[in-house]
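Chain by chain, the residues:
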Amino acid sequence: METLLKILREACPGVDFENEKALVDDEILDSMDIVTIVSEIISEFQVELNVEDLIPENFNSVEAIMKLIEQRLS
């Protein structure tokens with residue numbers, strides 16, 4: 001989780017990722033932020049993410065992003 005938080009904080013400084021539960025729905029993250037985050041996740045966690053993974057539900061919270069990563073790791 002700390003690695004993911006580091007990625008998120010570097011991509012979007014100033015966002016309260018621990019408490020925010022609607023990162024995409026509330027337009028806190030835009031498409032360019034998500035591209036950056038996805039690229040870093042793929043590199044750091046050595047996982048493959050596909051187009052079907054790029055839905056708002058998977059990026060609305062740190063927990064949702066972590067769940068996606070864990071699913072791809074298993």
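Residues numbered from 1 in each chain as written. Predicted model: local features only at pLDDT ≥ 70, side-chain atom pairs only at ≥ 80, totals over all residues. Heavy atoms only, no water.

**Student:** How would you summarise the environment of Lys-21 if you had to cite specific residues and measurements?
**Tutor:** Mapped onto the secondary structure, Lys-21 falls in the loop between α1 (2–11) and α2 (31–45). Taking relative accessible area as the criterion, Lys-21 reaches 46% and is therefore assigned partly exposed. When sequence neighbours within four positions are dropped, the list of residues in contact with Lys-21 reads Asn-60, Ser-61 and Glu-63. (Helix = DSSP H or I, 4+ residues; strand = E, 2+ residues; numbered from the N terminus. Buried < 20%, exposed > 50% of the residue type's maximum accessible area, 1.4 Å probe, protein only. Contact = heavy atoms within 4.5 Å.)

**Student:** Quick rundown of α2? Include the residues and the values.
**Tutor:** Relative to the 21 Å expected for 15 residues at 1.5 Å per residue, α2 spans 21 Å between its end C-alpha atoms, a close match to the ideal helical length. Looking only at α2, the buried set comprises Asp-33, Ile-34, Ile-37, Val-38, Ile-41 and Phe-45. Seen along its axis, α2 keeps its buried residues to an arc of 130°; they face one direction. Among the exposed residues of α2, those oriented more than 90 degrees off its buried face are Met-32 and Val-35. Looking at the buried side of α2, the elements it contacts are α1 and α3 (62–73). One side-chain oxygen of the residue at the start of α2 lies 3.0 Å from the amide nitrogen of Met-32, identifying that residue as Asp-30. Note on α2: the residue one or two positions beyond its end, Gln-46, has a positive phi of about 55°. (Expected span 1.5 Å × (residues − 1). Arc of directions from axis to C-beta. Polar contact = N/O pair within 3.5 Å; in protein donor to acceptor, adjacent residues only side chain to side chain.)

**Student:** Describe the pattern of salt bridges, listing the residues and the values that go with them.
**Tutor:** One pass over the structure, following the stated rule, counts 4 salt bridges. Between Lys-21 and Glu-63 there is a salt bridge, and its shortest N-O distance comes to 3.0 Å. On the criterion of sequence distance, the pair formed by Lys-21 in the loop between α1 and α2 and Glu-63 in helix α3 is long-range, its members being 42 residues apart. Classification of Glu-63 by relative accessible area gives partly exposed; the value is 40%. In this structure, Asp-53 and Arg-72 form a salt bridge, with 2.5 Å as the shortest nitrogen-oxygen distance. (Salt bridge = Lys/Arg side-chain N within 4 Å of Asp/Glu carboxyl O.)

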